[in-house]
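A structural walkthrough
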Amino acid sequence: MEIKEERSSEEARQFFPSSQLDSVGEPQFTSIQRIANEPKLEFSLACKDLVAAGRDRKLSAFVQVSVAHPAEPVVTRHSSTEIVEGTKDPLFLTGVTFPPEYPIYEETKIKLTVYDVKDKSQDTVRTSVLPDHKEPRADVGRSFLGCATFRVGDLVKSKEQQLTLTLRTSDGGKTVGTIEVNLMKMGELDEGETDHITADTQDQKCALVRECTATEGIGGKDNLPSLNAVLRNPVCKLYRFPTADNKWMRIREQMAETTLSFHVPKELINLHIMEDMRRNQELKDLGELAPHWDNMRRSVIAHCDQMLSMYQDTLAELGKHTGSSFKSSCSKGEKTLEFIPVNLHLQRMHVHSPRLKDALYDVITVGAPAAHFQGFKNGGLRKLLSKFEAERRNTGYQCIYYSPENTAKAKEVLSNISHLQPLISSHADLLLSSASQRSPDSLKNSLKMLSEKTELFVHTFKDQLVRSALLALYTARPGCVLKKAAVPRGSAEEGADAQHQDHPSQMKRQDSIPHHSEYDEEEWDRVWANVAKSLNCLIAMVDRLLEKDNTSMKEGENEPPAEDGKVLHTGGDWHEQLYPLVITLKDCMAEVVTRARQSMAFVLLQELACGLPQCLMLTLRRDIVFSQALAGLVCGFVIKLHTGLHDQGFLQQLHTVGLLVQYEGLLSTYSEEAGMLEDMAVGISDLQKVMFKVIEAKSEDFLPIITGRREHYVIEVQLPAKMFELLPQEIKEGKLLHTYPVLFNVGINEQQTLAERFGDTTLQENINQENLELLKEYYKLFTEKMPPDCLPHFQEQNDLKGLLESLHQNIQAKKRKNVEIMWLAATICRKLNGVRFTCCKSAKDRTSMAVTLEQCSILRDEHQLHKDFFIRALDCMRSSLEQEEKCSLITERKIFAPVL
């Protein structure tokens, strides 16, 4: 432990005597410096021989911890232990921790106040906000027993790193027992003799062990600048629980906000704005249209401009946001924050247990991604999208119907055009530059890159959709005279040209697009084929030039050198011969781009016109839900990447198979929560179009970079150079990393009881069944691509198969509130190195109960938690969630429902 001197602020000058001031009048304090990014101070507490105020009942004690800072003449409440019932010698399992940034010094004084709780139901969050100098009222259900104070320096410098203090009444007279303070360090090992403490209550029958240990630590795993850029305001809790063999395990629980709650939505909204501006411009660039189609275009652009303005206003409002880096549950209905996820936090449990390796267990907790501001009166996205598509199919519109697959294809073509055209032009210019330098190797490389990109460009337009859309656009031009009536297939009615002007809704099926006798359908084939022909001519010319150059060099070797010593080139000027061919390639490409862009924009015009304004409102709702889901996914990926940097098996799995992301939903299928579940199911499914790429950071800004469009996004995660070097070569070379999101939902509250008795649970059953198939596909992909012994978890393949089969059976059983589904899905996810999410309406009550139950189950199954202490460990973790520091993070008051 390193001791160093620090100075405090000027506000402390009057609090200290002059002997503690330096030459410039500022107080000096001795700071405690431990491992970087580790807590400054951690200790455990135990009381002995407590004296109750009355003899008619046994004690139920807890300790309140307060801090008297050297620079401040006031006492600040810091934390408290759990309540230990029915004993005069309580040993507290909840420890006391001070985070790395906490201003604690050797001169700091810590006050320990012991209370006797008479009525647990009244002594909760409401009493924890009392000022420290005031005693609680008698009617709140607790009474003051005694207190003790010590200096931090006395504990740190003590030989045994332990203090035994006398508890006295408020007037300092009567002794009411003693309190023992033991310095704790995560990662310590049992090296010496143990001191057995046997309690006299049923909950403490186990012989508990206080270890005399040596230091170790975990090496500051979290001391990473890129991770610190993502996580904010950690809240830590410390516990010690007995194992089955009467040893202590130590658990540090951490909850942290993430800056990604706002960063990701802002990046995403900015991409939406740019994408919508390009779309609006493409609609304007369609050229002259017949009156019907032109009026349609004007209406669509007007609605799109309104929506674009809304996105811009939202982004501006988010840019003004200051303060907390998360959205609390009470703000979930605010319009300006509707793109922000609710209560997105990292919940981390670090376990150190005897004879077992230290372990980290992470769960991302977040409110269900849903459009709360828009409401759920008509259901959520799953129902709304299905209903909208059915109406588009079955109702006559004044537009041409294109399937969702075709509209998605049109967006993909437009994206490819925007991506490939500048690349081809750039490679063509590089080719000319190589020709000017007369560099054969550079010329070959430039030609190779140009050929690859041009072939991709040509392949993009080998689709019937482009051809049919060009024909439809041709018929929408003014003055187009049709030789044959445009009627739906199967209709015997024929009309004149005027009838088509009055009733354009007859052209509502893509398979009913009119064929105009004057339109040459093969012209498009010739146009895009000209690009390939131009490329072939360019390749042939380069081959000839290189061949001539080789020939002239061989001839030059047999001839005497020229008088000036220069090699004579007989192939002429390469640049001069290639330039016309490059210009022809660019011209052909420009013609293809113009026609293809207009035809695909015409397809998008139909999609928008068929459903105004509902189409745009559904897009908005989907964007909102996806934004919330993506923020959580990026957070989970970044955390998982950092914790797995030294795990070669995981890194191989990441680039070979992809990352499994498992969402545990706790929403009911009743009333509004059914709509939330529908939103959540679509938002998580949409995450399949997200891919990750790890890049080396070029600056101190480590926040992820988002690129792409609504149908395809790439998240670039930045790592410092030293961390980047730890990655496999495939990831360092920029290989895109896939994610496989799955959602399993089990409603567990009273509303789910109503749904199961009087409502419908089909939605939950369908979601679970669909995602079970996705999970099976991921497992199949893993077994095909990964060696069976690459990761420790996978050495028991039969175990995973059994878990999958058990999950399948539980989903098929359709049992009420079957929480076994949650446990099985979570276990499979952890064994497959996946990222875990737990979600309910607001990530408060149900989420907290589920996470603490999962953590205690892990301690029991993986770390040998003593069976008699499972319930008490669970109570400890849940009671600490009721403390003021966590309540202030999530909501003004947190009340847990006994649902698990």
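Look up: the structure comes first, before these words.
Note that the coordinates shown come from a computational prediction; the quantities given were computed from them, not determined experimentally. (Residues numbered from 1 in each chain as written. Predicted model: local features only at pLDDT ≥ 70, side-chain atom pairs only at ≥ 80, totals over all residues. Heavy atoms only, no water.)

A separate point is the overall build of the chain. Tallying secondary structure elements over the chain gives 24 helices and 23 strands in all. Evaluated residue by residue, the chain yields a buried proportion of 54% over its 900 residues. When contacts within the chain are restricted to residue pairs at least 6 apart in sequence, those whose partners lie at least 24 apart make up 75%. A total of about 40,300 Å² of accessible surface is found on the chain, and carbon and sulfur atoms cover 49% of it. (Helix = DSSP H or I, 4+ residues; strand = E, 2+ residues; numbered from the N terminus. Buried < 20%, exposed > 50% of the residue type's maximum accessible area, 1.4 Å probe, protein only. Contact = heavy atoms within 4.5 Å. Areas by Shrake-Rupley, 256 points an atom, 1.4 Å probe, with all protein chains shown as cover.)

What follows deals with the state of the cysteines. Should the sulfur atoms of two cysteines be covalently bonded, the bond is a disulfide. Applying the stated criterion across every chain, the model contains zero disulfides. Among the cysteines around C615, which has no disulfide bond, C304 carries the closest sulfur, lying 8.3 Å off. Cysteine C876 is unpaired, with the sulfur of C856 as its nearest cysteine sulfur at 8.5 Å. For C876, a relative accessible area of 1% gives the class buried. (Disulfide = S-S within 2.5 Å.)

Read across the sheet, 10 strands follow the order β14-β15-β16-β17-β23-β18-β22-β19-β21-β20 without closing on themselves; strand pairing throughout is mixed. Of all strands in the sheet, those with a lone pairing partner are β14 (231–242) and β20 (705–709), marking the two edges. Each strand of the sheet is rotated relative to its neighbour by a mean of 25°, with strand direction disregarded. Direction of pairing for strand β15 (residues 248–258) relative to strand β16 (residues 345–352): antiparallel, over a ladder of eight bridges. Residue pairing across strands places Q254 opposite R348, the latter belonging to β16. Against the sheet, helix α13 (residues 614–643) touches β14, β15, β16, β17 (359–367), β18 (659–665), β19 (690–696), β20, β21 (712–719), β22 (737–745) and β23 (835–840), its axis set at about 35° to β21. (Pairing = 2+ DSSP bridges. Axes fitted to C-alpha atoms, helices over the stretch in contact; angles between N-to-C directions.)

It is worth spelling out the pattern of salt bridges at this point. In the structure shown here, the tally under the stated rule is 28 salt bridges. The residue D154 makes a salt bridge to R151 at a minimum N-O spacing of 3.2 Å. Judged by its relative accessible area of 30%, R151 is partly exposed. In this structure, a network of salt bridges that share partners links the residues E275, D276, R279, D623 and R710. (Salt bridge = Lys/Arg side-chain N within 4 Å of Asp/Glu carboxyl O.)

What follows covers the pairing of β20. Pairing between β20 and β21: five bridges, direction antiparallel. Paired with G708 across the two strands is Y713, which belongs to β21. In this antiparallel pair of consecutive strands, β20 and β21, the connection spans two residues.

Of all nine residues in strand β4 (residues 60–68), eight are buried, a share of seventy percent or more. Pairing of β4 with strand β6 (residues 84–85), which is carried by two bridges, proceeds in the antiparallel orientation. In the sheet register, A61 faces β6, and the bridge partner there is V84. Across eight bridges, the pairing between β4 and strand β8 (residues 109–117) is antiparallel. Bridge pairing links V63 to V114 in β8. Across five bridges, β4 lies against strand β5 (residues 75–80) in antiparallel orientation. Bridged to S66 within β5 is R77. Counted between consecutive antiparallel strands, the loop separating β4 from β5 contains six residues.

If you check which residues of helix α14 (residues 648–656) are buried, you get G649, F650, L651, Q653, L654 and H655. A positive backbone phi angle near 125° is found at G658, which sits one or two residues after α14.

Next up on the list: the packing of helix α7 (residues 404–437) against helix α8 (residues 440–460). Between two packed helices, the angle of one axis relative to the other and the distance separating the axes together describe the packing. Look at α7 against α8: their axes get within 9 Å of each other, and the N-to-C directions meet at 160°. Viewed along their axes, α7 and α8 adopt a mutual orientation that is roughly antiparallel. Judged by the twist between their axes, the crossing of α7 over α8 is left-handed. Of α8, the residues touching α7 (which contributes V413, N416, L420, L423, I424, H427, A428, L430, L431, S434 and A435) are S442, L443, S446, L447, M449, L450, K453, T454, L456, F457 and T460. Its residues placed into classes, the contact of α7 with α8 shows 14 nonpolar, seven polar and one charged. (Parallel < 35°, antiparallel > 145°, perpendicular 65-115°, else oblique. Left-handed = near helix turned anticlockwise from the far one by under 90°. Nonpolar A, V, L, I, M, F, W, Y, C, P; charged D, E, K, R; others polar.)

Attention now goes to the packing of aromatic side chains. Enumeration according to the criterion identifies 12 aromatic pairs in this entry. Taken together, a centroid distance of 6.4 Å and an interplanar angle of 35° make the contact between F43 and F98 tilted. Taken as a pair, F43 in strand β3 (residues 41–48) and F98 in strand β7 (residues 96–98) lie far apart in primary sequence, 55 residues in all. The exposure class of F43 is buried, given its relative accessible area of 0%. Pairing F43 with F150 gives two aromatic rings, centres 5.9 Å apart and planes at 80°, and the pair type is edge-to-face. (Phe/Tyr/Trp six-rings, centres within 6.5 Å; stacked < 30°, edge-to-face > 60°.)

What follows covers unusual backbone geometry. The step from L612 to P613 runs through a cis peptide bond, and the omega angle for that step is -10°. You can see P613 is positioned in the loop between α12 (574–609) and α13. Phi at S671 takes a positive value of approximately 60°, unusual for a residue other than glycine. Along the chain, the position of S671 falls in the loop between β18 and α15 (672–686).

Turning to helix α18 (residues 750–758), a few remarks are in order. In an α-helix there are 3.6 residues to a turn, and that puts residues three or four apart on one side. Within α18, the full set of buried residues consists of Q752, A755 and E756. Summarising the axial view, the buried residues of α18 lie within an arc of 95°, below the 170-degree limit, and thus occupy one face. Exposed positions of α18 whose direction lies more than 90 degrees from the buried face are E750, R757 and F758. Of the surrounding secondary structure, the elements contacted by the buried residues of α18 are α19 (762–785). (Arc of directions from axis to C-beta.)

Take the environment of M600 next. Mapped onto the secondary structure, M600 falls in helix α12. Between the C-alpha atoms of M600 and L473, which are 127 residues apart in sequence, the distance is 9.5 Å. Excluding anything up to four places from it in sequence, M600 contacts A410, V413, L414, L465, V466 and A469.

Its location among the elements puts R278 in helix α4 (residues 260–284). Sequence spacing of R278 and L414 is 136 residues, and the spatial spacing of their C-alpha atoms is 9.9 Å.

Bringing the nonpolar core into the picture now. The biggest cluster of nonpolar side chains holds 84 residues, and the ones touching the most others in it are F457, W524, L578, M600 and F602. At 16 residues, the largest contribution of residues to this core is made by α12. If sequence neighbours within four positions are ignored, L578 has contacts with L432, A435, L443, L538, M541, V542 and L545. Formed by 59 residues, the second largest nonpolar core is a distinct cluster that contains L271, L677, A681 and L687. (Core = buried A, V, L, I, M, F, W, Y, C linked by side-chain atoms within 4.5 Å.)

Two elements in contact, helix α5 (residues 291–319) and α12, have axes whose closest approach is 10 Å; the angle formed by their N-to-C orientations is 70°. Here α5 lies roughly perpendicular to α12, going by the angle between them. In this structure, α5 contributes W293, M296, R297, V300 and C304 to the contact, and α12 contributes F602, L605, Q606, L608 and A609. Residue composition of the contact of α5 with α12, grouped by class: eight nonpolar, one polar and one charged.

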